[in-house]
Amino acid sequence: MKYCCYLILTEETLRVQDSFNLKKVSKMKKITLIVLLFCVSYLSAQEAKYSIKNVSVNTKYSDFGVSYFGENTVVFASARKDKNIRKRVWLINNQPFLELYKGTIGENGEIANVERFSKAINTKYHESNVAFTKDLNTVYFTRNNYLDKKIKKDSTGMILNQLYRAQIGSDGEWSNIQGMPFNSNDYQTGHPVLNDAEDKLYFISDMPGSYGLTDIYVVDINTDGTYGEPKNLGPDVNTSRSEMFPFIDKNNVLYYSSNGFADSKGGLDVYATKLTKNNVYEIPQNLGFPINSNTDDYSFVINKNSKTGYFSSNRKGGKGDDDIYSFVELYPVSFACTQEIAGVVRDKNSSALLPGTMVTLYKNGEKVESVIVGNDATFNFIVDCEASYKAIATKENYKDDSKELTTTDKDGVKSNLELYLLQDEFVTIRGHLMININPIYFDLDKAEIRDDAAIELQRVVDIMVKYPGLVVQIGSHTDSRA
């Protein structure tokens, strides 16, 4: 049973393992079994994308939830006994309350020089799961609903988890601890993480509108320091069960744990997804063995520069209730690489927009998609990376224009195209060959040439200069007014 890191304390998972007596298996069945086990082991080894290690900092109690605190330091939660902490235990598991600790990153992912993180942030209740701004001046963290030495409970008498923010003071200690504006005594919030631009905060909650027991949410951080309205990441990410421990890397790959997908190895598994240009998330990928096991695996964080990171697990063979594992990424998680081709269609002579133009996209000579542009004359296509495309614009009484391009291998790149159509000089209407110009209008009861008419008449002059022998008949008519 987890605590603090799990927002729903009443949820338990029971697992039953099948057993069988090998003595009753025939010799042939034994050989078959051995061959099958060898094949499974071989396939697992072939598919492993990470090498993992149980770090020596683990205790017989719960240790989990590593976060990076600058380049060489990490912060994590632990229920370890500390002589400097008053001996209080949580009755649910008879372990000490969780405290935040920090340590330096050593060789092979080891964590050394462990000490309490902050007297100002650590309290007599649970603290866990932190996120720091890049300048290390602001920290977001999870704590029981306890602030200013006052504990608050929900309507059922439960002490829920809440998100808090603190800022570094002039004395180097954390101060100005505040609850997030979207907190509530009636639902939980926790597990914060910032995106690379630090303009979005991801967290989990069971607030009204959630799909499951806990969902992942995101909230905008405004430039004035205020926050927007929390938004649920939706059913592509969240399930009817529990989603927890989000982490988003500098490439906008979102890692999180869930026990609600059909391909789960058991308990919480770590998944990865990515937000596309159309605000749709990629299908979450199970990170597989050895990150995931048949128990709970969670709190995955990665340094994309070094391809190393940490995760937590209560798998068999660990040192304690929950353990911290370091890992090295051998093969990165990959998604379908897509880019965007966007553009506009204009008249080549006047640069005026040309709504109603059809733009057709071809890939390696094969038609992919067609669109008729609207009043803004713009178009956009989502395309594959590292592929050759050709866009052709067509419109009646205009000569076609086309552009070719080859996309790069970088996901999310946007390519801009401008297509210019040259209006045909001549058009046949009711059997008469005419100069292709737009209608010329006069203001009511006026004979002066308007500015828009001057443009069209100049085209007539240009064509007559181009074809000196051309004979042009010009006519006009009026209505019954004036």
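This text goes with the structure placed above it.
Cut-offs applied
Residues numbered from 1 in each chain as written. Predicted model: local features only at pLDDT ≥ 70, side-chain atom pairs only at ≥ 80, totals over all residues. Heavy atoms only, no water. Helix = DSSP H or I, 4+ residues; strand = E, 2+ residues; numbered from the N terminus. Buried < 20%, exposed > 50% of the residue type's maximum accessible area, 1.4 Å probe, protein only. Contact = heavy atoms within 4.5 Å. Expected span 1.5 Å × (residues − 1). Arc of directions from axis to C-beta. Patch = residues over 30% accessible without salt bridge, like charges linked within 9 Å, V, L, I, M, F, W, Y side chains within 5 Å. Areas by Shrake-Rupley, 256 points an atom, 1.4 Å probe, with all protein chains shown as cover. Salt bridge = Lys/Arg side-chain N within 4 Å of Asp/Glu carboxyl O. Disulfide = S-S within 2.5 Å. Polar contact = N/O pair within 3.5 Å; in protein donor to acceptor, adjacent residues only side chain to side chain.

This brings us to the overall build of the protein. A count of helical and extended segments in the protein gives two helices and 34 strands. For the protein, the residues scored as buried account for 44% of the 482 residues in total. By sequence separation, contacts in the protein at least 24 residues apart represent 51% of the contacts at least 6 residues apart.

Three or four residues apart is the spacing at which side chains of an α-helix point the same way, because the helix has 3.6 residues per turn. Over its 16 residues, helix α2 (residues 451–466) extends 23 Å from the first C-alpha to the last, a length consistent with the 22 Å expected when each residue adds 1.5 Å. Along α2, the positions that sit buried rather than exposed are A453, E456, R459, V460 and I463. Here the buried residues of α2 occupy an arc of 115° about the axis, which is enough to place them on one side. Those residues of α2 that are exposed and aimed more than 90 degrees away from the buried face are D451, I455, V465 and K466. Next to the buried residues of α2 lie β32 (414–423), β33 (426–429) and β34 (432–435).

What follows covers a nonpolar patch on the surface. A surface patch of nonpolar side chains, about 290 Å² in accessible area, is lined by V328, L330 and Y331. Summarising the element assignment, L330 is placed in the loop between β24 (323–329) and β25 (338–347). Since its relative accessible area comes to 46%, L330 is described here as partly exposed.

Further remarks concern the state of the cysteines. All chains considered together, the criterion is met by one disulfide. A sulfur-sulfur separation of 1.9 Å characterises the disulfide bridge that pairs C337 with C385. Because the torsion about its S-S bond is -70°, the bridge between C337 and C385 counts as left-handed. Placement of C337 in the loop between β24 and β25 and of C385 in the loop between β28 (378–384) and β29 (388–394) is noted, with a sequence separation of 48 residues between them. Looking at C385, the relative accessible area reads 12%, which means it is buried.

Attention now goes to the environment of Y256. Considering the arrangement of structural elements, one finds Y256 in strand β19 (residues 253–258). Each C-alpha atom of the pair Y256 and V301 lies 9.3 Å from the other, and the pair is 45 residues apart in sequence. Setting aside chain neighbours within four positions, we find Y256 in contact with I216, V237, E243, M244, F245, P246, F261, D269, V270, Y271, T273 and P284. Polar side-chain contacts of Y256 include one of 2.9 Å to the backbone oxygen of V237.

This model, assessed by the stated rule, comprises 12 salt bridges. The partner of R80 in a salt bridge is D63, and the shortest N-O contact between them spans 2.8 Å. On the criterion of sequence distance, the pair formed by R80 in the loop between β3 (73–78) and β4 (89–90) and D63 in strand β2 (residues 63–68) is long-range, its members being 17 residues apart. For the pair R80 and D63, one class covers both residues: buried. Note that E99 is salt-bridged to R116, the shortest N-O span being 3.1 Å. Within this pair, whereas E99 is found in strand β6 (residues 99–105), its partner R116 is found in strand β7 (residues 111–116), the two being separated by 17 residues in sequence. Overall, E99 belongs to the buried group, its relative accessible area being 4%. Each member of the salt-bridge network shares a partner with another, and the members are D443, R450 and D452.

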